[in-house]
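# Remarks on the overall topology
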Amino acid sequence: MAPFLSNSPKMVDGTRSNGTGGDTAIGGMSSSAQASHSVQIQDAVDTEFLIVGAGPAGAALACFLGSHGFKGIMISSASGTANTPRAHITNMAALECLRDIGLYEELERLGSTGEEHMQHTRWCHSMAGEEYARIHSWGNDPRRKGEYKLASPCEPFDLPQTVLEPVLVRHAALKGFKCRFDTELVSFVDDAKTGLITTTIRDNVSNHEYQIRTRYLFGADGARSQVVKQLNLPLVVQPDQGIAINVLVKTDLSHLVKNRKGNLHWVMQPDREHPHFGWMGIVRMVKPWNEWMFILFPDRDYDRSQSKPSKEEYQKRVREFIGDDTPAEILDVSTWYINEIVAEEYSKGNVFCLGDAVHRHPPLNGLGSNTCIQDAFNLAWKVAYVCKGLALPSLLSTYSMERQPVGHSIITRANQAYRDHHHVWEALGMLPKDLSARKEILQELKSATPEGSKRRRAFYAAIKHTSHEFHGLGIEMNQHYEGQGIYIVDEPHPYVPLGRAAEDIVLYHEPNTYPGSRLPHVWLNKATPEEPISTIDLAGHGSFTLFTGIGGGAWSKAAENIAEKLKVPIQAYSIGFGQDWEDVYLEWESVRGVEESGAVLVRPDRFVAWRASEVLYETKACEAKLLTVVQTILGHVDP
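Residues numbered from 1 in each chain as written. Predicted model: local features only at pLDDT ≥ 70, side-chain atom pairs only at ≥ 80, totals over all residues. Heavy atoms only, no water.

The name given to the protein chain in an unreviewed UniProt entry is FAD-binding domain-containing protein, with Penicillium vulpinum as the source organism.

If you want it as structure tokens, here you go:
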């Protein structure tokens, strides 16, 4: 890659600084242009990439850019990585991204997995008390396990953000990204003439301000994003659904979970008076089984501006939720808003926003940090290809085109999941203000009367419907892309969800190779068996991948020639009887969507870019077709 700036005098933290200050021209900017800045700053640092925010979105982006051989700077206004658990459910779609850079096994060791920790979501009177209902969750329903196993080589696990972030930041640092905490973005100026973005940065420890000049600025700075604000990205904002209060608690509940296995426990006590700040809540596992997050939902009469609960009041509510005399220590209290906000576009010029900066929603369905990581994975390979000269800048426009609809879908789903719980609350009698009315409803739920039967049916239906939240495999894995980055000219029909995904797009995932879909996971092996490998692991790693089969040798040769001609990495594999890889369970045959001699081209982010039903008549025809496809995706040829 060509140097970022020529004639740069010296390096600072792996980047360059002019070291002169005053009216010296900076990176092609005239002294008069500099004088127009409101702050005259002595120091300046140059870098190719500046990431604002070191949470799951920013740190993951630094990791992914680092995997492409790039270095840069990542800043965060926070004093360190996350100090409260926040996000925790880590799904397969996000884990496949992290698997691409070799982090899956480390994170799996750190997370809490499977039936031991994530078997159920429960509704109960207290942790020690009566249980109203439970539902299998996160792939642990015996009727759904196979779907999860077939969907990915990864398995979902519970990984608190306090554990995830340090791993990502460390990996990013090892790959060459300098990370500065207690450092915030003050402002930035995007100079279209020079192609440079000049940012003003403040070190909040020393209160010293300086400039960082960069080719690319990434706003991963969360729900109060300065980058989104200064970029003036239009936001679609729905009315919020109030606030929630996180109370982080150290308490050993191991004596209770033996018969209550699960990481989420809704606690509702309709037969008791409640404080306004803690109408009901969720007890969420952080570390099994001695650290928990008590998420309190205030009632409609709670006025945060008028009263702030004392630590003793929080302590009392925690004890009521536990339901016995188990000691409990409050470690932290914080609040958050139940938002429904998404940006209409994610970028302008070479300023790109991702993560919570552009999609804000409650944590239901566990989509938060997972979507942040996938935003970063989608963006990183495109930036890398453009910076390496393999693609034209038009490829970068596909980031917003592809990820904004995903952001819209996940904020809608998460908020709908929250609204769906209203039916549970209603059936259990949580909604009336009057205590006697709530007690009457709870008694009716237990009664052998027509009214009791009707209420129980409503309650059971509401519980069953929460599977859209706790087993929403479809919303996690069914992302589908369109636009320049996907070549569909050769498809005879428009894309429609198939199989059970057509029945319920949130619940079910149907693997397929229609361009724009996620590459299906299939286990492969050699004719003389070795360690099995997933199609997911053959693809990715910064390269395009072409899968073909018996009779498709012309496609493999075409991929080899085009890779040499365009200097674009393209790996080619033949799958089938006696081929490079054996389709040992005959799963690839069922999902490949093309004939044995056909081809499936996969992008570096493991989304299908294009496919051909069968081999063309001549090798030259195969090469010409594949060349057109790759050049179109990379912006060298108009779609």
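This part covers the overall build of the protein chain. Within the protein chain, the regular secondary structure consists of 21 helices and 29 strands. The C-alpha atoms of the protein chain give 27 Å as radius of gyration, which agrees with the globular expectation for 639 residues (26 Å, within 12%). Once the C-alpha set of the protein chain is aligned to its principal axes, its extents read approximately 80 × 70 × 40 Å. Scored against the burial criterion, the 639 residues of the protein chain give a buried share of 58%. Sequence-distant contacts, at least 24 apart, represent 73% of the contacts inside the protein chain between residues at least 6 apart. Split by element, the accessible area of the protein chain, about 26500 Å² in all, is 50% carbon and sulfur. When the 64 basic and 78 acidic side-chain charges of the protein chain are each reduced to a single mean position, those positions are 3 Å apart. (Helix = DSSP H or I, 4+ residues; strand = E, 2+ residues; numbered from the N terminus. Rg over C-alpha atoms; globule rule 2.2 N^0.38 Å. Buried < 20%, exposed > 50% of the residue type's maximum accessible area, 1.4 Å probe, protein only. Contact = heavy atoms within 4.5 Å. Areas by Shrake-Rupley, 256 points an atom, 1.4 Å probe, with all protein chains shown as cover. Lys, Arg positive; Asp, Glu negative; His and termini not counted. Charge placed at Lys NZ, Arg CZ, Asp CG, Glu CD.)

Interfaces are often sized by the amount of accessible area the parts lose when they come together. Domain boundaries in the protein chain define domain 1 (42-479) and domain 2 (480-634). Relative to domain 2, the C-alpha centre of domain 1 lies at a distance of 33 Å. Between domain 1 and domain 2, the residue contacts involve 41 residues of the former and 42 residues of the latter. Roughly 3100 Å² is buried in total at the junction of domain 1 and domain 2, and carbon and sulfur atoms are behind 52% of that figure. (Domains from an automatic or database assignment. Buried area = accessible area lost by both parts, 1.4 Å probe.)

Here we come to the sheet that holds strand E5 (residues 89-90). Read across the open sheet, the three strands follow the order E5-E9-E6; overall the sheet is antiparallel. Sheet topology places E5 and strand E6 (112-113) at the edges, where each strand pairs with a single neighbour. Pairing geometry for E5 and strand E9 (residues 157-158), over two bridges, is antiparallel. Bridged to Ile89 within E9 is Asp158. (Pairing = 2+ DSSP bridges.)

Among the structural elements, Asp605 can be located in the loop between strand E28 (599-602) and strand E29 (608-612). Its relative accessible area of 5% is what places Asp605 among the buried residues. A distance of 3.4 Å separates a polar atom in the side chain of Asp605 from a polar atom in the side chain of Trp381. Leave out the neighbours within four places in its chain, and Asp605 touches Phe377, Asn378, Trp381 and Tyr481. (Polar contact = N/O pair within 3.5 Å; in protein donor to acceptor, adjacent residues only side chain to side chain.)

Quick look at the layout of surface pockets now. Where empty space is left becomes clear once a probe the size of a water molecule has been rolled over the atoms. By volume, the second largest pocket is sized at about 580 Å³. Along the walls of the second largest pocket sit 25 residues, with Trp279, Pro298, Asp299, Arg300 and Asp301 positioned nearest its centre. In terms of residues, the lining of the second largest pocket owes the most to one element, helix H12 (residues 397-428), which gives four residues. Of the residues belonging to the lining of the second largest pocket, the class tally is 12 nonpolar, five polar and eight charged. (1 Å grid on protein atoms, 1.4 Å probe; cavity = no way out; pocket = protein on both sides within 12 Å on 5 of 7 lines; lining within 4 Å. Points joined across faces, edges and corners; volume = space filled by probe spheres on them. Nonpolar A, V, L, I, M, F, W, Y, C, P; charged D, E, K, R; others polar.)

Here we come to the pairing of strand E7 (residues 120-124). Here is the key point about a regular strand: its side chains alternate between the two faces of the sheet. A large share of E7 lies buried, amounting to five of its five residues. Every second residue of E7 is oriented toward a common face, with His120, Arg122 and Cys124 on one face and Thr121 and Trp123 on the other, all of them buried. Looking at chain direction, E7 and strand E16 (residues 264-267) are connected through four bridges and run parallel. Bridged to Cys124 within E16 is Val267.

Any pair of aromatic rings gets described here by the distance separating the centres and the angle formed by the planes. Tallied over the full model, the rule gives 28 aromatic pairs. Here the aromatic rings of Trp289 and Trp292 are separated by 5.9 Å at their centres, their planes lie at 25°, and the arrangement is stacked. Counting every residue linked through ring pairs, the aromatic cluster contains Phe49, Phe70, Tyr216, Phe218, Tyr346, Phe352 and Tyr399. The ring of Tyr508 has Arg500 sitting right over it, with the charged end atom 3.8 Å from the ring centre. (Phe/Tyr/Trp six-rings, centres within 6.5 Å; stacked < 30°, edge-to-face > 60°. Lys NZ or Arg CZ within 6 Å of the ring centre and 35° of its normal.)

Glancing now at the confidence of the model for the protein chain. Looking at the protein chain, the pLDDT average stands at 92 and 93% of residues meet or exceed 70. Below a pLDDT of 50 lies the segment residues 1-41, which in the model reaches 77 contacts outside its immediate sequence neighbourhood of four places, other chains included. (pLDDT = per-residue confidence, 0-100.)

Where nonpolar side chains cluster on the molecular surface, the patch consists of Trp523, Val584 and Tyr585 and spans about 310 Å² of accessible area. A relative accessible area of 40% places Val584 in the partly exposed class. (Patch = residues over 30% accessible without salt bridge, like charges linked within 9 Å, V, L, I, M, F, W, Y side chains within 5 Å. Salt bridge = Lys/Arg side-chain N within 4 Å of Asp/Glu carboxyl O.)

Looking now at the UniProt feature "domain: FAD-binding" (unreviewed entry) in the protein chain. When the UniProt feature table is mapped to this numbering, "domain: FAD-binding" (unreviewed entry) covers residues 46-413. Taken as a whole, residues 46-413 contains 30% helix and 30% strand, while its terminal C-alpha atoms sit 41 Å from one another. (UniProt positions renumbered as here; feature names shortened; annotations may be inferred.)

The strands that make up a sheet are held in pairs by hydrogen bonds between backbone atoms, and each pair lies either parallel or antiparallel. Overall, antiparallel pairing links the three strands, which are arranged E14-E20-E23 in an open sheet. If you trace the sheet from one side to the other, it starts and ends with strand E14 (235-237) and strand E23 (359-360), each paired once. Sheet analysis places strand E20 (residues 341-343) next to E23, joined by two bridges and oriented antiparallel. Across the sheet, residue Val342 finds its bridge partner in E23, namely His359. In this fold H12 packs onto E20 and E23, with an angle of close to 175° to the strand it touches most, E20. (Axes fitted to C-alpha atoms, helices over the stretch in contact; angles between N-to-C directions.)

A few words now on the pattern of salt bridges. Counted by the stated rule, this structure contains 30 salt bridges. Close ionic contact of Glu209 with Arg202 constitutes a salt bridge, the shortest N to O distance being 2.9 Å. Where Glu340 meets Arg419, a salt bridge forms, and the shortest distance between an N and an O atom there is 3.2 Å. Here Glu340 is found in the loop between strand E19 (329-337) and E20, whereas its partner Arg419 is found in helix H12, with 79 residues between them in sequence. For Arg419, a relative accessible area of 32% gives the class partly exposed. Counted as one network, the salt bridges with shared partners bring together Lys382, Glu402, Arg603 and Asp605.

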